[in-house]
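# Descriptive analysis of the structure
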Amino acid sequence: MAATETQGVRRSRGARSWSSILRSSPRIAIGGAVLLVIAFAAVFADAISPYPPNQQNLRARLQPPSAEHILGTDHFGRDVLSRIIHGGRVSLQVGFIAVGIALAVGGVMGLLAAFYGRWVDSTVSFVVDVMLALPGFLLALAIVAALGPSLVNVMIAVGIAYIPQFARITRSAVLTVIEMDYVTAARAAGSRDNRIMLRHVVPNSLSPVIVQVTLSLAGAILSAAGLSFLGLGAQPPTAEWGSMLNAARGYIRDAHWAVTYPGVAIVITVLALNMFGDGLRDALDPRRID
Amino acid sequence: MLKYIFRRIILLIPILLGVTVIVFGIMFMTPGDPAILMLGENAPQAELEALRERLGLDQPAYVQYGLWLGRAVQLDFGRSIRSGRPVTREISARLPATLELALLATLLAIAVGVPLGVLSATRPNTAVDHAATVAAFGGLAMPVFWQGLILILLFALVLGWLPPSGRLGGWQYYVLPTITLGTSAIAAITRMTRATMLETLSQDYVRTARSKGLPERSIVYRHALRNALIPVVTVIGLQFGQLLSGAVITETIFSWPGIGRLAVDSIRAKDFPTVQGAVMVFAVMYAVVNLFTDVLYAYLDPRLKTRYS
């Protein structure tokens, strides 16, 4: 694994322009376009949803899709489409915050481990191995168990669960970069560790980390929705995709639309993120550029 | 080979010890008094004190951890707060159901994923290949919980072919949970088999086999696939972790009486001894499967075999 992870690193200087990447990879273009639409909907959720997400209408419970409610209504007569749009906001927020936590903590761990080596490296590697001894979702589950069910705790738990991935990827990326002549040159010129790390090492180790961010976003959104589905994340009446599915489960016989469409929203989002991340990885892979 | 296995087992010990710190932390970090959680809010003060003393809750954290670890290595995780029965007994009653489901899902994933990957790789950039790729991407993006509900809707409620939940009563009860749990593994194995097959098919020995005029069938299955499968073994091991995660959700959807559902129910009920026991069992299962795949990998790859024997 480590060998493939470091592959993306070597060529970060003078990487190709964005327009040429977009032209050569339809996956990045399609994934990116879908993500833009989702992000737009999330940001302007209040303006574009036909109804407020929590507005109940008990006379219009479990209505099938119609002109009035394009994706139908749920068991409280709430508009499913409006809740999906607002749920997207929650999911993106959870994803970004969780990955942000993982990137900040894991990135620093990996950077320090690779840069200082020796006991720092062994300590970090041990912590990472221990965290990887539990599959990510189960680690997040255990942390939510300790912190208590809530959306904020899910962000923290999923964030912690993704730390090992970032620590590993950053470590292997940095290990490749610090071997480079320009780092040796900076050292010889008497630059301080901080300056070498921030000016030379970090910018040149970024591309594999960026790929990991997009792929982890997909995983984090899935994990968070899964925890909410189990009733351990977003609590009612928050419009969140996983908890919408959980609530609609009991009415699946009478209102399959309330189950179907939030799931479709998750699939589209995760698919777009995976396509984007996969395309990005191929585009940044030096073996495929020639 | 034995030396290699032995070394791997020794290396596991510090890792699992690290996991016990996390698992112990679950209880320790939880706000609230465990004694009150166990005996209830209205328990007499004297009883609470006695329980605190018995569990060592009045001791500093590291002493508590030591006491807990001492019991845990003897497979004693205390008693379930919900049922009052020993956690170990609760878990051993549920373990077969989870193992059964995980094993079936793994077999399904291999049985579908490997042939699909081979099919894709031997016909690169054809309609078959593209269809398999799209299906694999879809399978990876589909949340387990949604897929389970859609399968229930379709096959249990609309078509009425299969039961929507439960476990005992015949093979029909196994179909939907197994498919639900196995899908993402099918997708991952398909992708990996395709990638490694493509790489193997371009190797020199495959070209040699072709130039000898061997039939394509034997080239694909006798020469290429055997070598291409080696990395796939690793993916199967890694997927097992996903399967354990998926089992938590799948068991909840299908009312499957396994450890995953036990864990979720226990988290909801703040039954921490059971949560600790369940998480620990998950970690051990994951470790054992990873050890097994690593050993299998070393066994299958002659280059590694010579290095470690």
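Residue positions are counted from 1 within each chain, in the order its sequence is given. Starting at A for chains and at 1 for ligands, labels are handed out in the order in which the entities are written. Local features in this predicted model are restricted to residues whose pLDDT is 70 or higher, and side-chain atom pairs enter the listing and the counts only when it is 80 or higher, whereas totals over whole chains, interfaces and linings include all residues. Hydrogen atoms and water are omitted, and side-chain values are computed over all heavy atoms in the structure.

Let us now look at the overall build of chain B. Segments assigned H or I by DSSP are reported as helices when at least four residues long, segments assigned E as strands when at least two residues long, and all are numbered from the N terminus. Each helix and strand counted, chain B has 13 helices and zero strands in total. Each helix and strand of chain B, ordered N terminal to C terminal, gives the series α-α-α-α-α-α-α-α-α-α-α-α-α. Expressed along its principal axes, the backbone C-alpha trace of chain B runs to roughly 85 × 55 × 30 Å. Here chain B, with 309 residues, has 49% of them falling under the buried criterion. Long-range contacts, defined here as pairs at least 24 residues apart, represent 72% of the contacts in chain B between residues at least 6 apart. Total accessible area computed for chain B in this model is approximately 15100 Å², and 64% of it derives from carbon and sulfur atoms. The distance from the centre of the 27 positive side-chain charges to the centre of the 18 negative ones in chain B is 13 Å. In this scheme, a residue with accessible area under 20% of its type's maximum is buried, one over 50% is exposed, and one in between is partly exposed, where area comes from a 1.4 Å probe on protein chains only. By definition, residues are in contact when any of their heavy atoms lie within 4.5 Å. Only the protein chains shown count as cover for residues, with accessible areas throughout obtained via the Shrake-Rupley method and a probe of 1.4 Å. Residues counted as positive are Lys and Arg, residues counted as negative are Asp and Glu, and His and the chain ends are not counted. Lys charges are placed at NZ, Arg charges at CZ, Asp charges at CG and Glu charges at CD.

All names here are of chain A. Put simply, chain A has an average pLDDT of 85, and 91% of its residues get 70 or more. Looking across chain A, the model is least confident in helix H1 (residues 2–7), with a mean pLDDT of 41, and most confident in helix H8 (residues 151–161), with 94. Every residue is assigned a pLDDT by the predictor, reflecting its confidence on a scale from 0 to 100. Taken as a whole, residues 1–14 scores under 50 in pLDDT and shows 24 contacts with residues more than four places along the chain or in a different chain.

For the rest of this paragraph, the subject is helix H9 (residues 163–177) of chain A. All names here are of chain A. The span expected for a helix works out to 1.5 Å for each residue beyond the first. With 15 residues, H9 should cover 21 Å at 1.5 Å per step; its first-to-last C-alpha distance of 21 Å lies within 8% of that length. For H9, the buried fraction is high: eleven of the 15 residues fall into the buried class. Taken together, the buried positions of H9 are occupied by Ile 163, Pro 164, Phe 166, Ala 167, Ile 169, Thr 170, Ser 172, Ala 173, Val 174, Thr 176 and Val 177.

It is worth spelling out the pattern of salt bridges at this point. In what follows, salt bridge is the name for a side-chain nitrogen of Lys or Arg lying within 4 Å of a carboxyl oxygen of Asp or Glu. Using the criterion set out here, one finds 13 salt bridges over all chains in the structure. Put simply, B:Arg8 and B:Asp294 hold a salt bridge, and the shortest N to O gap is 2.1 Å. Of the two residues, B:Arg8 sits in helix H1 (residues 2–29) while B:Asp294 sits in helix H12 (residues 272–300), which places them 286 residues apart along the sequence. Note on B:Arg8: relative accessible area 18%, which makes it buried. Here the residues in one salt-bridge network are A:Arg27, A:Asp278 and A:Arg281, joined through shared partners.

Residues and elements named next belong to chain A. Every angle, taken between N-to-C directions, lies between 0 and 180 degrees, and every axis is a line fitted to C-alpha atoms, over only the stretch in contact when it is a helix. Across the interface, helix H5 (residues 80–116) lies against H9 with an axial gap of 7 Å and an inter-helix angle of 40°. With respect to H9, the axis of H5 lies oblique. For the pair H5 and H9, the crossing hand works out as right-handed. Within the contact between the two elements, H5 uses Val 99, Ala 102, Leu 103, Val 105, Gly 106, Gly 107, Met 109, Gly 110, Leu 111, Ala 113 and Ala 114 and H9 uses Ile 163, Phe 166, Ala 167, Thr 170, Arg 171, Val 174 and Leu 175. For this classification, the nonpolar set comprises Ala, Val, Leu, Ile, Met, Phe, Trp, Tyr, Cys and Pro, the charged set comprises Asp, Glu, Lys and Arg, and every other residue, Gly included, is treated as polar. Residue classes in the contact of H5 with H9 are distributed as 13 nonpolar, four polar and one charged. Roughly parallel means an angle under 35 degrees; roughly antiparallel, over 145; roughly perpendicular, 65 to 115; everything else is oblique. Crossing chirality is assigned from the near helix's rotation relative to the far helix, an anticlockwise turn below a right angle marking it left-handed and a clockwise turn marking it right-handed.

Its location among the elements puts A:Phe126 in helix H6 (residues 118–132). Take A:Phe126: its relative accessible area is 36%, and that puts it in the partly exposed class. Not counting the four nearest positions on each side in its chain, A:Phe126 is found in contact with B:Pro14 and B:Ile15.

On to the side chain of A:Ser243, then. Residue placement: A:Ser243 occurs in helix H13 (residues 241–248). Apart from the residues lying within four places of it in its own chain, the contact partners of A:Ser243 are A:Ser228, A:Phe229, A:Ala234 and A:Thr238.

Let us now look at the nonpolar core. Only buried Ala, Val, Leu, Ile, Met, Phe, Trp, Tyr and Cys residues count toward a nonpolar core, and they belong to the same one when joined by side-chain atoms within 4.5 Å. The biggest cluster of nonpolar side chains holds 137 residues, and the ones touching the most others in it are A:Leu227, A:Leu230 and B:Phe145. A:Leu230 has contacts with A:Phe137, A:Leu141, B:Val248, B:Ile249, B:Thr252, B:Val264 and B:Arg268, leaving out every residue within four places of it along the chain.

Moving on: the layout of surface pockets. All names here are of chain B. Considering only enclosed or pocket space, the second largest pocket measures out at about 580 Å³ in volume. Both site types are read off a 1 Å grid over the protein atoms alone. A 1.4 Å probe that fits but cannot get out defines a cavity, while an open set with protein on both sides within 12 Å along at least five of seven lines defines a pocket; lining residues have an atom within 4 Å of a point. Met 27, Met 38, Leu 55, Arg 71 and Pro 273 are the residues nearest the centre of the second largest pocket, which is lined by 25 residues in total. Only H1, helix H2 (34–39), helix H3 (45–55), helix H4 (61–72) and H12 provide two or more residues apiece to the lining of the second largest pocket. Grouping the amino acids of the lining of the second largest pocket by side-chain chemistry returns 13 nonpolar, seven polar and five charged. Grid points are joined across faces, edges and corners, and a volume is the space filled by probe spheres set on the points.

Let's shift gears to the packing of aromatic side chains. Here is the rule: rings of Phe, Tyr and Trp (six-membered ring for Trp) pair when centre to centre is within 6.5 Å. Planes less than 30 degrees apart are stacked, more than 60 are edge-to-face, and the remainder are tilted. What the rule picks out here adds up to nine aromatic pairs over all chains. Seen in terms of ring centroids, A:Phe115 and A:Tyr116 are 5.3 Å apart; in terms of plane orientation they differ by 80°. Their pairing is edge-to-face. By relative accessible area, which is 8% here, A:Phe115 ends up buried. Classification of A:Tyr116 as partly exposed rests on a relative accessible area of 38%. The interplanar angle of 20° and the centroid separation of 5.0 Å between the aromatic rings of A:Phe229 and B:Phe145 together place this pair among those described as stacked. Of the two residues, A:Phe229 is situated in helix H12 (residues 206–229) and B:Phe145 in helix H7 (residues 144–158); the pairing between them involves two chains. The class of B:Phe145 is buried, set by a relative accessible area of 2%. One aromatic cluster is present, formed by B:Phe24, B:Tyr65, B:Trp68 and B:Phe77 through successive ring pairs.

Residues A:Phe40, A:Val43, A:Phe44 and A:Ile48 make up a contiguous nonpolar surface patch of about 380 Å² in total accessible area. One can find A:Val43 in helix H3 (residues 26–43). Patch construction takes residues with relative accessible area above 30% that form no salt bridge. Like charges are linked within 9 Å, and nonpolar side chains (Val, Leu, Ile, Met, Phe, Trp, Tyr) are linked within 5 Å.

The next thing to look at is the environment of A:Val209. All names here are of chain A. Note on placement: Val 209 falls in helix H12. Among the residues examined, Val 209 registers a relative accessible area of 8% and is labelled buried. Note: C-alpha distance between Val 209 and Thr 170 (39 residues apart in sequence) is 6.5 Å. Among residues more than four places away in sequence, those in contact with Val 209 are Leu 103, Phe 166, Ile 169 and Thr 170.

A separate point is empty space enclosed by the protein. All names here are of chain A. On inspection of all chains with the given rule, the structure shows three cavities of 30 Å³ or more. The space that makes up the largest cavity amounts to roughly 70 Å³. Lining the largest cavity, in full, are Asp 74, His 75, Arg 78, Val 80, Arg 83, Met 244, Ala 247, Ala 248 and Ala 258. Those elements giving two or more residues to the lining of the largest cavity turn out to be H5 and H13. By residue class, the composition of the lining of the largest cavity is five nonpolar, one polar and three charged.

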